[in-house]
Amino acid sequence: MRTGSRQHSSLQSAIKDAVLTGFLALAYAIKRFGLPGRAQLLGTPAEEDGGGKIDLISAGAYKRVDLSLMIHPMSEDEFLGRKVTGIAGRSSIALYDITCTYEGVSAHAGANPWEGVNALDAIVMAYNGVSMLPQQIRPDERIHGAIVQAPTITNAIPELTKTKYTVRSPTITGTRVLGERVRRCLAAGALATGCKITLEESSLYAGLVVNSSLCEEFARNRADEGDRILQTDDIPMTGSTDQGNVSRE
């Protein structure tokens, strides 16, 4: 794991250097040759979890932007058979997170358990319900989650539990529909046990729209440097990114 962490850190550093170099070169070219327009370098944290770019969109950071680029590392293995080293653009699927908290009533599990309201029962019931959904969802949709807070003792009725689910679908509409099905399973756990339920939902990550003209130009420029890459393909990334929201701006 430590070796992997070092490699990941080294790769991030290389990407950062590439982005900074590209920005400085473009800014210099604009100034040196009197080109119209301006260059802007945005640091966008929380790309995979937190939606930093979504917050930047809301703050108006992209209002005067005509073109936005993002670079992301990928494994070369899937491209070697096609005799290329990467791809200029690939779409991604939509995503959002639902965090659910159940609040029950604690009681002594041996002396008076009937006075308790069991938050662990609520989360187990919800988990079982959500786990059945993949039997009836599309092959390109995903639901995955974790119990993020659970009881650590056995002699008390649990009064607080928390779970988080990530919902993915190729389209924004599909993601919302699938998310509603997950919410019903979560609500069922509260209804069956009498627990109070609190739901928190993240900003929705939109699927990335690929700009084919931009990808063609990028691939052509990489070819000039001796690096052969694909322009685009029909295989969406299995992950999601808030750059998808930027691409729709």
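Residues numbered from 1 in each chain as written. Predicted model: local features only at pLDDT ≥ 70, side-chain atom pairs only at ≥ 80, totals over all residues. Heavy atoms only, no water.

A. Broad picture of the overall build of the chain. From N to C terminus, the chain includes seven helices and four strands. Listing every helix and strand of the chain by position from the N terminus yields α-α-α-β-α-β-β-α-β-α-α. By the compact-globule yardstick of 18 Å for 249 residues, the chain is too spread out, its C-alpha radius of gyration being 23 Å. C-alpha extents for the chain along the principal axes are approximately 80 × 40 × 40 Å. Burial statistics for the chain: of 249 residues in total, 31% are counted as buried. Long-range pairs, those at least 24 residues apart, make up 75% of the contacts in the chain between residues at least 6 apart in sequence. Total accessible area on the chain is roughly 15700 Å²; 53% of this is exposed by carbon and sulfur atoms. Charge separation in the chain, taken as the distance between the mean sites of 26 positive and 28 negative side-chain charges, equals 4 Å. (Helix = DSSP H or I, 4+ residues; strand = E, 2+ residues; numbered from the N terminus. Rg over C-alpha atoms; globule rule 2.2 N^0.38 Å. Buried < 20%, exposed > 50% of the residue type's maximum accessible area, 1.4 Å probe, protein only. Contact = heavy atoms within 4.5 Å. Areas by Shrake-Rupley, 256 points an atom, 1.4 Å probe, with all protein chains shown as cover. Lys, Arg positive; Asp, Glu negative; His and termini not counted. Charge placed at Lys NZ, Arg CZ, Asp CG, Glu CD.)

B. Region of interest: the pattern of salt bridges. Tallied over the entire structure, the rule returns 12 salt bridges. With a closest N to O distance of 2.5 Å, R90 and D233 form a salt bridge. Pair noted here: R90 is in the loop between α3 (77-80) and β1 (94-103) and D233 is in the loop between α6 (212-224) and α7 (243-247), with a separation of 143 residues, a long-range link. Here the two residues R90 and D233 agree in accessibility, since each one is buried. Residue E216 is joined to R220 by a salt bridge in which the shortest nitrogen-to-oxygen separation is 3.2 Å. One end of the pair, E216, and the other, R220, are both in helix α6, four residues apart, so they sit about a helical turn from each other. Residue classification places E216 among the partly exposed residues on the basis of a relative accessible area of 35%. It is possible to trace a salt-bridge network through shared partners that takes in E78, R82, R90 and D233. (Salt bridge = Lys/Arg side-chain N within 4 Å of Asp/Glu carboxyl O.)

C. Examining the nonpolar core more closely. Counting residues in hydrophobic clusters, the biggest one holds 22 residues, and the most contacted among them are Y102, I143, V182 and L186. Among the secondary structure elements, those contributing two or more residues to this core are β1, α4 (119-132), β3 (160-169) and α5 (172-193). (Core = buried A, V, L, I, M, F, W, Y, C linked by side-chain atoms within 4.5 Å.)

D. α5, seen in detail. An ideal rise of 1.5 Å per residue puts 32 Å on 22 residues; α5 measures up with 32 Å between its terminal C-alpha atoms. Every buried residue of α5 is listed here: G174, T175, L178, G179, V182, R183, C185, L186, G189 and A190. Turning to α5, the residues buried within the fold contact β1, α4, β2 (142-149), β3 and β4 (196-201). Looking one or two residues beyond α5, the residue adopting positive phi is G194, at roughly 85°. (Expected span 1.5 Å × (residues − 1).)

E. The UniProt feature "domain: Peptidase M20 dimerisation" (unreviewed entry) in the chain, seen in detail. The sites that UniProt annotates as "domain: Peptidase M20 dimerisation" (unreviewed entry) are residues 99-171. The span residues 99-171 is 19% helical and 32% strand by assignment, and the distance between its end C-alpha atoms comes to 21 Å. (UniProt positions renumbered as here; feature names shortened; annotations may be inferred.)

F. A look at the sheet that holds β2. An order of β2-β3-β1-β4 is seen for the four strands of this open sheet, with the pairing classed as antiparallel. What marks the edges here is a single partner per strand, and that holds for β2 and β4. On average, each strand axis in the sheet is tilted by 20° relative to the strand beside it, whichever way the strands run. As judged from the six bridges shared by β1 and β4, these two strands associate in the antiparallel manner. Its bridge partner being in β4, Y102 is matched across the sheet by I197. In this fold α4 packs onto β1, β2 and β3, with an angle of close to 15° to the strand it touches most, β3. (Pairing = 2+ DSSP bridges. Axes fitted to C-alpha atoms, helices over the stretch in contact; angles between N-to-C directions.)

G. Structural detail: α6. If you check α6, its first and last C-alpha atoms are 19 Å apart, about what 13 residues at 1.5 Å a residue would give, namely 18 Å. Its side-chain oxygen 3.2 Å from the backbone nitrogen of S213, N211 forms the N-cap of α6. Phi turns positive, to about 85°, at G226, one or two residues after α6. (Polar contact = N/O pair within 3.5 Å; in protein donor to acceptor, adjacent residues only side chain to side chain.)

H. How the structure looks around the packing of aromatic side chains. Under the definition given, this model contains zero aromatic pairs. Sitting above the plane of the F33 ring, R32 keeps its charged end 5.3 Å from the centroid. (Phe/Tyr/Trp six-rings, centres within 6.5 Å; stacked < 30°, edge-to-face > 60°. Lys NZ or Arg CZ within 6 Å of the ring centre and 35° of its normal.)

I. The arrangement of the pairing of β3 in detail. Buried residues dominate β3, accounting for seven of its 10 residues. Two elements, β1 and β3, share 10 bridges in a ladder whose sense is antiparallel. Looking across to β3, one finds that Y102 is bridged to T161. Pairing analysis gives seven bridges linking β2 to β3, with the strands arranged antiparallel. Residue pairing for β3: I147 is matched across the bridge by T163.

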